[in-house]
Amino acid sequence: MAALLEVKQVWKEYGSSIVLEKLNLSVKEGEFCTIVGTSGCGKTTFLRMLLGEEGPTRGSLLLDGKPMPAEPGPDRGIVFQRYSVFPHMSVLDNVTFGLEVTRSPLLGRLFGGARRKARDEAAAMLAQVGLSQALERYPSELSGGMQQRLAIAQALIKKPRILLLDEPFGALDPGIRADMHALVLRLWKESGLTIFMITHDLKEGFKLGTRLLVFDKPRLDAQAPNRYGATITYDLAIDRQEPALLEEIQGAVTETSRFNDQQ
Amino acid sequence: MKKRIINRLPGQGAAAVLGLLPFLLLLLAYAWGSQVRLEANPEDKLLPALSSLAAAVERVALEPNRRTGELQLWADTAASLQRLGIGLAVASLLALVTGLATGMVPYVRAALAPFVRVLSMVPPMAILPILFIVFGLGELSKVVLVVLGIAPCMMRDLQQRVMELPSEQLVKAQTLGAHSGQILWRVVMPQTLPRLIDSLRLNLGPAFLFLIAAEAIAAESGLGYRIFLVRRYLAMDTILPYVVWITLLAFLMDMALRGVSRWAFPWFHQGKERA
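Model, not experiment: these values are computed from the prediction. (Residues numbered from 1 in each chain as written. Chains lettered and ligands numbered in written order. Predicted model: local features only at pLDDT ≥ 70, side-chain atom pairs only at ≥ 80, totals over all residues. Heavy atoms only, no water.)

Enquirer: What is the right way to look at the packing of aromatic side chains in this model?
Expert: For any pair of aromatic rings, the description rests on two quantities: the centre-to-centre distance and the angle between the ring planes. Residue and element names in this part refer to chain B. Tallied over the full model, the rule gives six aromatic pairs over all chains. Ring plane angle 90° and centroid distance 5.6 Å describe the contact between tryptophan 74 and tryptophan 245, whose orientation is recorded as edge-to-face. Of this pair, tryptophan 74 sits in helix 3 (residues 72-104) while tryptophan 245 sits in helix 11 (residues 236-264), and the two are 171 residues apart along the sequence. Exposure remark for tryptophan 74: the relative accessible area of 41% places this residue in the partly exposed category. With a centroid separation of 6.3 Å and an interplanar angle of 75°, the aromatic rings of phenylalanine 265 and tryptophan 267 are classed as edge-to-face. (Phe/Tyr/Trp six-rings, centres within 6.5 Å; stacked < 30°, edge-to-face > 60°. Helix = DSSP H or I, 4+ residues; strand = E, 2+ residues; numbered from the N terminus. Buried < 20%, exposed > 50% of the residue type's maximum accessible area, 1.4 Å probe, protein only.)

Here it is as structure tokens:
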């Protein structure tokens, strides 16, 4: 099977500072890639490149064998840590919106039977994430966990091929986080999505993904901290998870973290 | 246990009494000052007694003017509010359109934002003579002064508010397949409207300032016209009630706008129940 996403020798530079270097990656449809690494190691930059918000400085980024579009589109859904949902729309409208924009190209608003049908579909999607009781509420009336469920439902209604999760559960309580893990795993298995999820939590990365990508700086130079970029230092299938390996990665990542902290 | 003063909170009743206190004190100070001056000189016009203020209010509000046959206060109010209303409406519309365009579209921002920034620095009063020359002494020049006085600041404010919307929302809308027009129509504009009302509320004061300034210089009716007309006769008994009336009007308009915003945009006010 051909790869869904192909990253070949990608570099990303801002002026003289190198964020990512020598990035190579090939991801097949249906993989669940978790991305870990310390702050400033290009995880978010990589995600923005997958979204199309940023292009690579050098190298190529291929989606289905074609260059990645230069702006976000409906084939790549996203859930951010915050601000993913529209505060001025009810829960139901937030999800219906995705259907309305394609079915009503001019106004992005449906009426009558078409509107009822779209709302029914949205309500069914919301039932899958457990928000049936909150259809008419505004996001500000929801807890953090419910807002993230809403953001996931909102993204999935478009049936994207890739779902990007940018530390989606970072701000949630531990118990809620476990519920969300179960939800994401269920939706992933049911839909056959390809997921990229950024997380700070190595354990979370191991628990959820089928493949773990560690973004780290292989070279730390105190004289020129931005001279060397981060790259993927570990790329492993998670079924061969060993405690020693987890510890090794944690050690390497923490070292970079301390280094960054002292700059 | 004794708390620091920054940690002591007044109860609801106490807050209401405290809020009224400065008004009462001002009223008392006026009544006392007026009494002292009138005792010294019964012809004093500077601080008329509260009773003569009441009589003047009755005269301007309830008795037809001997020359024109109109109820003066209401005719003046209607003339002023019409000018102000048109001015505020036009300024809001301009601010909304420009703010959305410059806030959302980088090319429009590059073309217009510097111009608007410079425009907002033009002192409106300095171009009032130009307005009188170009638009004549009629209604138009007064409305244009109100518009030119507040619209540039509102445009800048709205542009800022639009750009403050989290970029995550715009990215999200794009990943849901929305095009620029749909993002404008369904995501950005609905969230800009309550911010437009906020901006309008903050600009009510300046709007009244420019209205009264224009009326003072050339008009045949209006609240500002009346105040500056009767100034020649030191008619404090008319001026003071007019000032209170204008203040009350501005206050009520502010309250009404706040009410509209809460009713129409409940999501905007949740979680920040203040101000």
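Enquirer: Looking at this structure, how should I read the side chain of threonine 34 of chain A?
Expert: Within the secondary structure, threonine 34 of chain A sits in strand 3 (residues 32-36). Those residues in contact with threonine 34 of chain A that sit more than four places away from it in its chain are Met197, Gly205, Leu208, Gly209, Arg211, Leu212, Leu213 and Ile238 of chain A. (Contact = heavy atoms within 4.5 Å.)

Enquirer: Mind showing me how you'd approach unusual backbone geometry here?
Expert: Glycine aside, residues mostly have negative phi, and peptide bonds are mostly found in the trans state. Residues and elements named next belong to chain A. We note that glutamine 9 has phi near 45°; this positive angle belongs to a residue other than glycine. For glutamine 9, the location among the structural elements is in strand 1 (residues 5-14). Residue aspartate 64 is not a glycine yet carries a positive backbone phi of 60°. Position of aspartate 64 among the secondary structure elements: in the loop between strand 4 (58-63) and strand 5 (66-67). Judged by its relative accessible area of 38%, aspartate 64 is partly exposed.

Enquirer: Where do I start with the packing of helix 2 (residues 91-103) of chain A against helix 3 (residues 112-128) of chain A in this structure?
Expert: Angle between the axes and distance between the axes are the two parameters that describe a pair of packed helices. Residues and elements named next belong to chain A. Packing of helix 2 against helix 3 brings their axes to within 9 Å, and their N-to-C directions diverge by 130°. Viewed along their axes, helix 2 and helix 3 adopt a mutual orientation that is oblique. Judged by the twist between their axes, the crossing of helix 2 over helix 3 is right-handed. Judged by residue contacts, Val91, Leu92, Asp93, Val95, Thr96, Leu99 and Arg103 of helix 2 engage Lys117, Ala118, Arg119, Glu121, Ala122, Ala123, Met125 and Leu126 from helix 3. Of the residues belonging to the contact of helix 2 with helix 3, the class tally is nine nonpolar, one polar and five charged. (Axes fitted to C-alpha atoms, helices over the stretch in contact; angles between N-to-C directions. Parallel < 35°, antiparallel > 145°, perpendicular 65-115°, else oblique. Left-handed = near helix turned anticlockwise from the far one by under 90°. Nonpolar A, V, L, I, M, F, W, Y, C, P; charged D, E, K, R; others polar.)

Enquirer: I tried to follow the side chain of glutamine 72 of chain B on my own but got confused; where do I start?
Expert: Inspection of the secondary structure assignment puts glutamine 72 of chain B in helix 3. Setting aside residues up to four positions removed in sequence, glutamine 72 of chain B forms contacts with Val60, Asn65, Arg226 and Tyr242 of chain B.

Enquirer: Please explain the interface of chain A and chain B as it appears in this structure.
Expert: Where interface size is given, it is often the accessible area lost as the parts come together that is meant. The interface is formed by 36 residues belonging to chain A together with 21 residues belonging to chain B. Of the roughly 2500 Å² buried where chain A meets chain B, counting both sides, 62% is carbon and sulfur surface. Here chain A is connected to chain B by one salt bridge. Glutamate 100 of chain A is paired through a salt bridge with arginine 186 of chain B; the nearest N and O atoms lie 2.7 Å apart. Across the contact surface, chain A and chain B share 13 residue pairs in polar contact (both at pLDDT 80 or more). Counting residues per element, the ones that place at least two in the side of chain A that touches chain B are strand 6 (76-79), helix 2 and helix 4 (144-156) of chain A. Looking at the side of chain A that touches chain B residue by residue, the class counts come to 19 nonpolar, nine polar and eight charged. (Buried area = accessible area lost by both parts, 1.4 Å probe. Salt bridge = Lys/Arg side-chain N within 4 Å of Asp/Glu carboxyl O. Polar contact = N/O pair within 3.5 Å; in protein donor to acceptor, adjacent residues only side chain to side chain.)

Distances and angles like these do not, on their own, reveal function.
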